[in-house]
Amino acid sequence: MGSGKVTSSEPFEFQGKHVTVAGLGVSGVPAAKVLHGLGAKVTVVNDGDDARAREQAAGLEALGITVRLGDGTASDSGSAAGLPDGTELIVTAPGWKPDKPLFAAAEQAGVPVWGDVELAWRLRGPDAAPWLAVTGTNGKTTTVQMLASILKAAGLRTAAVGNIGVSLLDAVLGDETYDVLAVELSSYQLHWAPSLRAHSAAVLNLAPDHLDWHGSMEAYARDKGRIYEGNRIACVYNVADKATEDLVREADVEEGCRAIGFTLGTPGPSQLGVVDDLLVDRAFVENRQKNAQELAQVSDVNPPAPHNIANALAAAALARAFGVPATAVRDGLRAFTPDAHRIAHVADVDGVAYVDDSKATNTHAAQASLAAYEKIVWIAGGLAKGATFDELVAKSAKRLRGAVLIGADRALIREALARHAPEVPVVDLERTDTGAMLQAVQEAKRLARPGDTVLLAPACASMDMFANYNRRGEAFAEAVRDLGA
C-alpha cells in the first residue's frame, strides 16, 4: 500500500460548458438532466434508435437537450473523429466500452471522460456522507445490502446505492441527508471514476468476467482495484483470494489506512473470520494480537452458505471500519433478507430441495453456489460470455448427481463434464425457448434422489432465452411449483 496522501478531484464549472452524454438508459437520462440543470450545454449520443430510445429522447429534447440517436457520434462537420463539436467533457453510461471511437477521439483532443459515479462524486457537497464501497466479481449486491442493514441497526442514516437501489446522483443531490452510504460499484463504473476516494472499500473476489468489455483479466483487475485508491481507513480484502490482497498492496492510499482481511477460517490479527459457529473480529479491537470480539453467530447469516458468510464478514469489516458496534453487526445480519434468485430455497418436493440461484451468471458465482450443497442435480447453461468451464466442473464433480443443460452455449459445459466428470449423467436440452425450463426441472426431478438439491446455478447469462436472470429464476420457480401441484 502506498503511503502518500491522495488528493481529491478538482472543481469543475458546468455553466456554459459543452458536455456530451454517451448513452441513454438508467444512468444517461438522469445525468443529462442534472447537467442541463447545472447550466451545461448537453448533447446526448446513443447507439440505439428503438422505441424506448425515442421516448427518452423526446423527454430530453422537451427540456432543450440535443439528442442524436443511431450513429450519433460523428461531429457536426461530418468528420469521423467521433467527437461532437465543442465537447469539453464526456459523461458516459457505464456499459459503453472503452474502445469506442468516441473515447479515442476524446483522448486525442484532451477531453476528460467521466461515468455517472464520477459525476456524483464531483457534485457532492462539502458535508457529504462518506462512502463505504464494495466491488468484486460476485456478491456485491448482497454485501452492500448487508452493510446497509448493519449501518441502520447502528442508528445511522444510510442507503444502498450505486449499482443497486438508489442512484448515486439521487443520493448526492436529493433532499434526504445521510450519515454514510453503502455503495455498490461495478468494474465498468470504476473504470470511469478516476477521482473516487472512499472512506473504506472492499474487493470481495476476482474471477474472469466481462473480459469482452475490459479486453483482458489484467485490465479487469486493474479497474476493480481503483476502488482502493485514496481510501482513508480500511482496504478490505479476501484472504482466500490473493489477487484482492495484491490490489491492496498496489493501491495508493491515505497515511494510516489499514489492510483488513476476511476469512472463513480462524482470523489472524487485522482480520475478521470464523471460530466455531461465531463471526469474530481481530481487526477493530484493542490488542488485536491477543483479543477477538464476537460479532454474530453463523446462524445469523441468511442463508449460511460459505460464500454468504464471506459476504457477511466483508460487510462487517466495512461497518466496523466506520465505528459500528458489534451488536449492530449481529442485529443487522439478523434483519437482512436476501434478494430473490440468490441461492433462494423455492420448495421441497418428494424429499428433494429446489434452489434458485439464477443470479449465478458466471462460473465463479456458480462455483460458490455448488459448494453449498452435498449432492446436486445441476441446471446450467445460457450465454457463456467467453467463459470456460473446466475448472468449475473439476472442482464440483464430486457433488454432482446429474446435470441438465439448457441455452445457447450448453455444449461448452457438456464438453467440460465429459472431460472432468464422465460418470455424471447429463441431459442436453436442445430447445432454447423459455418453455425449456419446465422440461429442465422435470428432467432434474427424474435424476434426483431424496436428500439431493436441484440447483439452478447457470454459470451463464440469461439473455439467449430470457429477458434477464430474474425472469429465468421465476421460470424455474414456476416449474417447481408445477411439480408439487
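Structure: see above.
Remember, predicted model here, so these are calculated numbers, not experimental data.

1. Focus: the overall build of the protein chain
Here comes step 1: Within the protein chain, the secondary structure is distributed over 17 helices and 20 strands.
Here comes step 2: Computed over the C-alpha atoms, the radius of gyration of the protein chain is 24 Å, within 12% of the 23 Å expected from 2.2 N^0.38 for a compact globule of 485 residues.
Here comes step 3: Overall, the C-alpha framework of the protein chain stretches about 70 × 60 × 40 Å when taken along its three principal axes.
Here comes step 4: If you sum the accessible surface of the protein chain, you get close to 19,800 Å²; carbon and sulfur atoms cover 48% of it.
Here comes step 5: Here the protein chain carries 46 positive and 60 negative side-chain charges, and the mean point of each set is 3 Å from the other.

2. With respect to the nonpolar core
Here comes step 1: Counting 56 residues, the largest nonpolar core has Leu35, Val44, Leu119, Trp131, Leu181, Leu185 and Tyr228 as the members making the most contacts within it.
Here comes step 2: With residues up to four places along the chain from it excluded, the contact list for leucine 119 reads Phe14, Ala31, Leu35, Val91, Trp114 and Leu169.
Here comes step 3: In this structure, Ala160, Val298, Ala328 and Phe336 belong to the second largest nonpolar core, which totals 43 residues.

3. Considering empty space enclosed by the protein
Here comes step 1: Going through the model one piece at a time under the given rule, you end up with one cavity of 30 Å³ or more.
Here comes step 2: In this model, the largest cavity occupies a volume close to 30 Å³.
Here comes step 3: Around the largest cavity, the lining residues are Val26, Ser27, Pro30, Asp116, Ser167, Leu168 and Leu169.
Here comes step 4: The biggest single contributor to the lining of the largest cavity is helix H1 (residues 25-37), with three residues.
Here comes step 5: Residues belonging to the lining of the largest cavity are distributed by class as follows: four nonpolar, two polar and one charged.

4. Description of helix H2 (residues 51-61)
Here comes step 1: Among the residues of H2, Ala53, Gln56, Ala57 and Leu60 are the ones counted as buried. Buried residues of H2, seen end-on, are gathered within an arc of 100° and therefore sit on one face of the element. Opposite its buried face, H2 presents the exposed residues Ala51 and Glu55, each directed more than 90 degrees away.
Here comes step 2: Against the buried residues of H2 lie H1, strand E2 (41-45) and strand E3 (66-68).

5. So, the sheet that holds strand E10 (residues 234-238)
Here comes step 1: Ordered in space as E7-E8-E6-E9-E10-E11-E12-E13-E14, the nine strands form an open sheet in which the pairing is mixed. Whereas interior strands pair on both sides, the edge strands pair on one side only; in this sheet they are strand E7 (160-162) and strand E14 (293-297). This sheet shows a mean twist of 25° between the axes of neighbouring strands, independent of strand direction.
Here comes step 2: Pairing geometry for strand E6 (residues 131-135) and strand E8 (residues 181-184), over four bridges, is parallel. Of the residues in E8, the one forming a bridge with valine 134 is glutamate 184.
Here comes step 3: Relative to the sheet, helix H5 (residues 140-153) contacts E6, E7 and E8, its axis offset from that of E8 by approximately 180°.
Here comes step 4: Strands strand E9 (200-203), E10 and strand E11 (258-262) of the sheet are contacted by helix H10 (residues 242-250), whose axis makes an angle of about 155° with E10.

6. Looking at the sheet that holds E3
Here comes step 1: Pairing in this open sheet of five strands is parallel, and the strands run E3-E2-E1-E4-E5 from one edge to the other. Of all the strands in the sheet, the pair left with one neighbour each is E3 and strand E5 (113-115). On average, each strand axis in the sheet is tilted by 25° relative to the strand beside it, whichever way the strands run.
Here comes step 2: Against the sheet, helix H3 (residues 101-109) makes contact with strand E1 (18-22), E2, strand E4 (89-92) and E5, and its axis sits at roughly 150° relative to E4, the strand it touches most.

7. What to know about the pattern of salt bridges
Here comes step 1: Tallying each qualifying case throughout the model produces 22 salt bridges.
Here comes step 2: Residues arginine 249 and glutamate 245 are paired through a salt bridge, measuring 2.8 Å at the closest nitrogen-oxygen approach. Taken as a pair, arginine 249 and glutamate 245 lie in helix H10 at a separation of four residues, close to a single helical turn.
Here comes step 3: The partner of glutamate 391 in a salt bridge is lysine 395, and the shortest N-O contact between them spans 3.0 Å. One end of the pair is glutamate 391 and the other is lysine 395, both in helix H14 (residues 390-396) and four residues apart, which spans about a single turn.
Here comes step 4: Residue classification places glutamate 391 among the exposed positions, given a relative accessible area of 52%.
Here comes step 5: Residue class for lysine 395 comes out partly exposed when judged on its relative accessible area of 43%.

8. Looking at the packing of aromatic side chains
Two numbers describe a pair of aromatic rings. These are the distance of the centres and the angle of the planes.
Here comes step 1: As enumerated under the stated definition, the model contains four aromatic pairs in all.
Here comes step 2: Through successive ring pairs, a cluster of aromatic residues spans Trp96, Phe103 and Trp192.
Here comes step 3: One residue, arginine 124, lies across the ring of tryptophan 121, its end atom 3.4 Å from the ring centre.
Here comes step 4: The ring centre of tyrosine 469 lies 5.6 Å from the NZ or CZ of lysine 359, which sits over that ring.

9. Here we look at the pairing of strand E20 (residues 453-456)
Here comes step 1: Residues Thr453 and Leu455 of E20 are buried on one face, and the alternating residues Val454 and Leu456, pointing to the opposite face, are buried as well.
Here comes step 2: Sheet analysis places strand E16 (residues 352-356) next to E20, joined by four bridges and oriented parallel. By the bridge assignment for E20, alanine 353 is matched with threonine 453.
Here comes step 3: In this sheet, E20 lies alongside strand E17 (residues 376-380) in parallel orientation, the contact comprising four bridges.

Rules behind the numbers
- Position numbers for residues start from 1 in each chain and track the written sequence from start to end.
- Owing to the predicted nature of the model, reporting of local features is limited to residues with pLDDT of at least 70; listing and counting of side-chain atom pairs is limited to 80 or more, with chain, interface and lining totals taken over all residues.
- The basis for the side-chain values is all heavy atoms of the structure; hydrogens and waters are excluded.
- Per the convention used, a helix needs a DSSP run of H or I reaching at least four residues, while a strand needs a run of E reaching at least two, with both numbered from the N terminus.
- Only the C-alpha atoms count toward the radius of gyration. The rule for a globule is 2.2 Å times the residue count to the power 0.38.
- Surface accessibility in these figures is a Shrake-Rupley result with a 1.4 Å probe; residues are shielded only by whichever protein chains are displayed.
- Positive residues here are Lys and Arg, negative ones are Asp and Glu, while His and the chain termini are left out of the count.
- Charged groups are reduced to one reference atom each: NZ for lysine, CZ for arginine, CG for aspartic acid, CD for glutamic acid.
- We define a nonpolar core as any set of buried Ala, Val, Leu, Ile, Met, Phe, Trp, Tyr and Cys residues linked to one another through side-chain atoms lying within 4.5 Å.
- Accessibility here uses a 1.4 Å probe with only protein chains present; expressed as a share of the type maximum, an area under 20% marks a residue as buried, one over 50% as exposed, and anything in between as partly exposed.
- We call two residues in contact whenever any of their non-hydrogen atoms come within 4.5 Å of each other.
- The way it works is a 1 Å grid over only the protein atoms, where trapped points that fit a 1.4 Å probe form a cavity and open points with protein on both sides within 12 Å along at least five of seven lines form a pocket, and then any residue with an atom within 4 Å of a point lines it.
- Grid points are joined across faces, edges and corners, and a volume is the space filled by probe spheres set on the points.
- Each residue receives one of three labels: charged for Asp, Glu, Lys and Arg, nonpolar for Ala, Val, Leu, Ile, Met, Phe, Trp, Tyr, Cys and Pro, and polar for the others, Gly being one of them.
- Summarising the geometry, the arc corresponds to the directions from the helix axis toward the C-beta atoms.
- Any two strands with at least two DSSP-identified bridges between them are counted as paired.
- Every axis in this analysis is a line fitted to C-alpha atoms, fitted for helices over the stretch in contact. Angles between the N-to-C directions lie between 0 and 180 degrees.
- A pairing counts as a salt bridge when a side-chain nitrogen of Lys or Arg comes within 4 Å of a carboxyl oxygen of Asp or Glu.
- Each aromatic pair joins two rings of Phe, Tyr and Trp (for Trp, the six-membered one) with centres within 6.5 Å, and gets the label stacked for planes under 30 degrees apart, edge-to-face for over 60, and tilted for any other angle.
- A ring is considered to have a charge above it if a Lys NZ or an Arg CZ atom is located within 6 Å of its centre and within 35 degrees of its normal.

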